[in-house]
Amino acid sequence: MEVLYPHCAGLDVHKDTVVACVRHMANGSVRREVRSFKTTTKELLALSDWLVGEGCTHVAMEATGVYWKPVWHVLSDGDFTLVLANAAHVKNVPGRKTDVNDATWLADLLAHGLIRSSFVPDEQTQEMRTLLRTRKQLVRECSRHVQRLQKTLEDANIKLDSVISDIVGWSGRRMIEALIAGETEPGALAAMAHRRIKATPDQLEAALRGRVTRHHRFLLQLHLQQIDAVNAAIDQIDQEVDACVEPFRATVRLLTTIPGIDELSACVILAEIGRDMSRFPTAGHLISWAGLCPKNDESAGKRRSTRMRKGAPWLKTTLVQCAAAAARKKASYLQAQFHRLRARRGAKKALGALAASILTSVYHMLISGELYRDLGPHHFDHRAKAVNTRRLVMRLQNLGYAVQITPLAA
């Protein structure tokens, strides 16, 4: 095979060590040298100096957890091109699994151009990505504490979630705090509900009549404190994101013109894919990277699976949530597409298709800088007018009617 990079290196990154293999190709012969380095900053700087001294033009490493990040940051100042490889794409040959062989295998693949580089955004985008991923984890943790709070109420036979949609909202919070303070009278607890609560006073009193012990009060207080602490951390992250989002402000406003995308969702999308779309040759490449298209699994002329790949889980979940919101936007193209696909493929596949359509719009908008233009709810009818007309006429004929079509005046 043709050698594209005669002077390159492969790195096998671990938590405490990095095994580096330098590969040189000269006069038809290959020379390799393997060294091991610690992952301290001093040792990584020594690794960078060694690679520069060896004249390496390209350096490849696997994306191993978070351990590759400090190595990447130190080596990014070197005079060579860094390549981050997906570990699933560069699996070693079976039976030769050692650290030295891993580094040698990476160097050999890189020399022949067989490693597809993963997407590594710029520093500002990485900071936004870290903040927003942490925020999503904290939101999930807050939801878990709310569920634990609900379990404690059920153990005390307090059926609060049967009459109130949000047990940690304004009314639910007041009632839970009163339970913690020792109030057990159902009438007094029901009087704390907001006047817009749909449940009647009798329903509230029946739901709030339970058996609350000291053990329940302790757990309720503990979970409320955890919820407040997590919410305070989320507020701090929101303030930090608002301070860091200034370089992305115009792009965020651009993306919020798409139905279903609010400011937070636009920040998440930009943090995951960046603003520079030159990394993806087409919108299809971006959709495939996000895991919003069916797998390519065909053998002997049979499609074995059409399930979506895992792709980018942080991006995919956000886009599917945006698709669910866009499906409720009245008189819009995305709502028409959702109803059209749901009738044939089901709601889940329809939401996946909507998420892919939203990401396609994002791709073209980031390239052109244009605002979102909705095609309208009747786009599919106008696009295949003759087909729809023929289908409806045949439907009426099957029902026993003679149909004569007369076009209306323009």
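Residues numbered from 1 in each chain as written. Predicted model: local features only at pLDDT ≥ 70, side-chain atom pairs only at ≥ 80, totals over all residues. Heavy atoms only, no water.

Caption draft 1: Focus on the packing of helix α10 (residues 263–273) against helix α12 (residues 313–326). Here α10 crosses α12 at 150°, and the two axes come no closer than 10 Å. When the axes of α10 and α12 are compared, the pair comes out roughly antiparallel. Of the two possible hands of crossing, α10 and α12 adopt the one that is left-handed. Facing S265, V268, I269, E272 and I273 of α10, the residues of α12 in contact are W314, L315, T318, L319 and C322. (Axes fitted to C-alpha atoms, helices over the stretch in contact; angles between N-to-C directions. Helix = DSSP H or I, 4+ residues; strand = E, 2+ residues; numbered from the N terminus. Parallel < 35°, antiparallel > 145°, perpendicular 65-115°, else oblique. Left-handed = near helix turned anticlockwise from the far one by under 90°. Contact = heavy atoms within 4.5 Å.)

Caption draft 2: Focus on the sheet that holds strand β5 (residues 81–85). Across the sheet, 5 strands lie side by side as β3-β2-β1-β4-β5; this open sheet has mixed pairing. At either margin of the open sheet sits one strand with a lone partner, and together these are β3 (29–38) and β5. Taken over all neighbouring pairs, the strand axes of this sheet differ in orientation by 20° on average, direction set aside. Sheet topology places strand β2 (residues 17–26) next to β3; 10 bridges connect them, and they run antiparallel. (Pairing = 2+ DSSP bridges.)

Caption draft 3: Representation of the nonpolar core. Core analysis: the biggest nonpolar cluster contains 51 residues, and I273, I358 and V362 have the highest contact counts within it. Elements supplying a minimum of two residues to this core: α4 (123–155), α8 (214–244), α9 (249–255), α10, α11 (283–290), α12, α13 (333–345) and α14 (347–368). Sorting elements by how many residues they give to this core places α14 first, with 11 residues. Contacts of I358, omitting those with residues within four sequence positions, involve I258, P259, I261, L319, C322, A323, A326 and L334. Of all hydrophobic cores here, the second largest spans 26 residues; its members include I158, M175, I227 and I234. (Core = buried A, V, L, I, M, F, W, Y, C linked by side-chain atoms within 4.5 Å. Buried < 20%, exposed > 50% of the residue type's maximum accessible area, 1.4 Å probe, protein only.)

Caption draft 4: Representation of the environment of H7. Inspection of the secondary structure puts H7 in strand β1 (residues 7–13). Taking the relative accessible area as the measure of exposure, H7 reaches 29% and is therefore partly exposed. Beyond its immediate sequence surroundings of up to four residues, H7 is in contact with R23, H24, M25, G55, C56, T57 and H58.

Caption draft 5: Looking closely at a positive patch on the surface. The grouping of R307, R340, R344, R345, K348, K349 and R383 at the surface amounts to a positive patch. Put simply, the parts of the chain that give the positive patch at least two residues each are α13 and α14. Broken down by element, the positive patch gets its largest block of residues, 3 residues, from α13. Relative to the helices and strands, R383 is located in helix α15 (residues 379–383). Relative accessible area serves as the criterion here: at 54%, R383 is assigned to the exposed category. (Patch = residues over 30% accessible without salt bridge, like charges linked within 9 Å, V, L, I, M, F, W, Y side chains within 5 Å. Areas by Shrake-Rupley, 256 points an atom, 1.4 Å probe, with all protein chains shown as cover. Salt bridge = Lys/Arg side-chain N within 4 Å of Asp/Glu carboxyl O. Lys, Arg positive; Asp, Glu negative; His and termini not counted. Charge placed at Lys NZ, Arg CZ, Asp CG, Glu CD.)

Caption draft 6: The pairing of strand β4 (residues 58–62), seen in detail. Here β4 lies mainly inside the structure; 5 of its 5 residues are buried. On β4, burial covers both faces: H58, A60 and E62 on one face and V59 and M61 on the other are all buried. Sheet topology places β1 next to β4; 4 bridges connect them, and they run parallel. Within β4, the residue paired with C8 across the bridge is H58.

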